[in-house]
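Given next are the chains, with one letter for each unit.
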Amino acid sequence: MRFLATLLITLLVLAAIILPQVLVVVDETELAIVTRLGDPQRSIRSPGLYVKAPMIDSVTKFEKRLLIFDAPAESLLTSDKKRLIIDVYARGRVKDPLLFFQTVRSVEQARSRVIDIVASELRREIASDEQLEIIKTKREQIENDVRDAVRPLISELGIDVVDVRIKRADFPQAIAGSVYERMKAERKRIADRERAQGAEADLQKRAEVDREAVEIRSDARKQADIIRGEAEAEAIEIFADAYERDSEFYSFLRSLDAYALFLGSNTTAVLPAESELFRFLQSPSLSR
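Residues numbered from 1 in each chain as written. Predicted model: local features only at pLDDT ≥ 70, side-chain atom pairs only at ≥ 80, totals over all residues. Heavy atoms only, no water.

Draft legend 1. Seen up close, the pairing of strand S2 (residues 30-36). Most of S2 sits out of view: six of its seven residues are buried. Pairing of S2 with strand S5 (residues 57-63), which is carried by seven bridges, proceeds in the antiparallel orientation. Paired with Leu31 across the strands is Phe62, a residue of S5. For S2 and strand S3 (residues 39-44), the ladder comprises five bridges, and the chain directions are antiparallel. Looking at the pairing, Ala32 lines up with Ile44 of S3. Connecting the antiparallel pair S2 and S3 is a turn made up of two residues, with Leu37 showing a positive phi of about 55°. (Buried < 20%, exposed > 50% of the residue type's maximum accessible area, 1.4 Å probe, protein only. Helix = DSSP H or I, 4+ residues; strand = E, 2+ residues; numbered from the N terminus. Pairing = 2+ DSSP bridges.)

Okay, structure coming up:
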């Protein structure tokens with residue numbers, strides 16, 4: 001029993017020493033290169049358990065996930081001979097571990113190479129654009145142009161660039177204050193122009209509304225006069241018809257209207273005896 005236990009322990013120790021020399025585990029977040037005495041033999045792109053020759057083979061692993069290549073902020077000259085502080089970074093992943101190992105060998109060296117390439121292309125791109133355009137409108141376009149320009153160069157390192165982003169594009173501190181003041185003045189000028197255009201549109205709209213109101217009132221008065229005239233004509237026609245039917249009764253009604261108009265309480269009327277109006281105020285015997 002003691003011999004078997006000793007043999008089992010010895011086998012376990014040997015396995016613990018030999019197996020790491022023969023087997024290699026690559027997980028889903030890694031890529032790997034198998035080298036023999038420093039000479040690359042094959043690349044491993046898929047996760048799993050792999051076998052290598054003990055003692056003479058070694059495995060170098062690389063990150064499969066996105067890598068960040070963050071360049072330091074740099075003062076760059078624009079096409080209008082002004083300076084901007086640009087802070088940029090790129091993101092990419094190792095797509096060819098064998099080529100990556102042969103060209104840069106490590107992530108640290110790859111980061112240095114990629115930053116140099118991106119910074120060089122960014123400097124060239126910034127030099128072809130004006131300062132205010134970069135800040136206001138062309139930032140995304142510059143990012144895309146730099147990405148497209150550096151992609152084939154960085155691909156030669158075994159890295160696929162996903163995107164390039166500008167974190168910051170600011171004026172140098174020495175001129176930032178004056179630039180911001182000019183921007184405020186420009187914004188104020190635009191705001192004043194917008195307000196003036198709004199006031200002009202308001203006055204124009206009010207004038208149109210006033211004109212329409214005058215036209216509506218004039219048309220209403222015209223229609224009222226027409227209706228009033230038609231009504232008066234109809235009334236005259238009715239009175240004429242009534243007069244033709246009974247002139248004496250018509251005269252009586254018109255006299256009553258006249259009485260109501262000028263006779264009130266405590267009113268004294270002086271009329272000649274032969275007045276037509278007076279005859280309706282007399283007794284029937286006198287009127288005859």
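Once you've had a look at it, read on.
Draft legend 2. Here's a closer look at the environment of Ile134. With respect to the helices and strands, Ile134 occurs in helix H4 (residues 131-136). With a relative accessible area of 1%, Ile134 lands in the buried category. Ignoring any residue separated from it by four or fewer positions in sequence, one finds Ile134 in contact with Thr78, Leu84, Ile126, Asp129, Arg139 and Ile142. (Contact = heavy atoms within 4.5 Å.)

Draft legend 3. Structural context of the sheet that holds S5. Taken together, three strands build an open sheet; the order of strands is S3-S2-S5 and the sheet is antiparallel. Of all strands in the sheet, those bounded by a partner on one side alone are S3 and S5. Taking each pair of neighbouring strands and ignoring which way they run, the sheet shows an average axis angle of 25°. (Axes fitted to C-alpha atoms, helices over the stretch in contact; angles between N-to-C directions.)

Draft legend 4. Seen up close, the pattern of salt bridges. In the structure shown here, the tally under the stated rule is 22 salt bridges. Lys138 serves as the salt-bridge partner of Asp129, at 2.6 Å between the closest nitrogen and oxygen. (Salt bridge = Lys/Arg side-chain N within 4 Å of Asp/Glu carboxyl O.)

Draft legend 5. Local environment of helix H5 (residues 139-155). Between its first and last C-alpha atoms H5 spans 24 Å; for 17 residues at 1.5 Å apiece the expected length is 24 Å, and the two agree. Buried within H5 we find Ile142, Glu143, Val146, Arg147, Val150 and Ile154. Looking at the buried residues of H5, the elements they touch are helix H3 (107-126), H4 and strand S9 (159-170). (Expected span 1.5 Å × (residues − 1).)

Draft legend 6. Just the side chain of Asp87, in detail. Relative to the helices and strands, Asp87 is located in strand S8 (residues 83-94). Once you skip the residues sitting within four places of it in the chain, Asp87 turns out to touch Asp70, Ala71, Pro72, Ala73, Arg165, Ile166, Lys167 and Arg168.

Draft legend 7. Fine view of the nonpolar core. Ranked by internal contacts, the top residues of the largest apolar core, which has 35 residues, are Ile86, Phe100, Val118, Leu122, Ile154, Ile159 and Val164. Sorting the residues of this core by element identifies S2, strand S6 (67-70), S8, helix H2 (97-103), H3, H5 and S9 as the ones contributing at least two each. In terms of residues, this core owes the most to one element, H3, which gives eight residues. Among all residues touching Val164, those that are not within four sequence positions of it are Val88, Tyr89, Ala90, Val118, Glu143, Val146, Arg147 and Val150. (Core = buried A, V, L, I, M, F, W, Y, C linked by side-chain atoms within 4.5 Å.)

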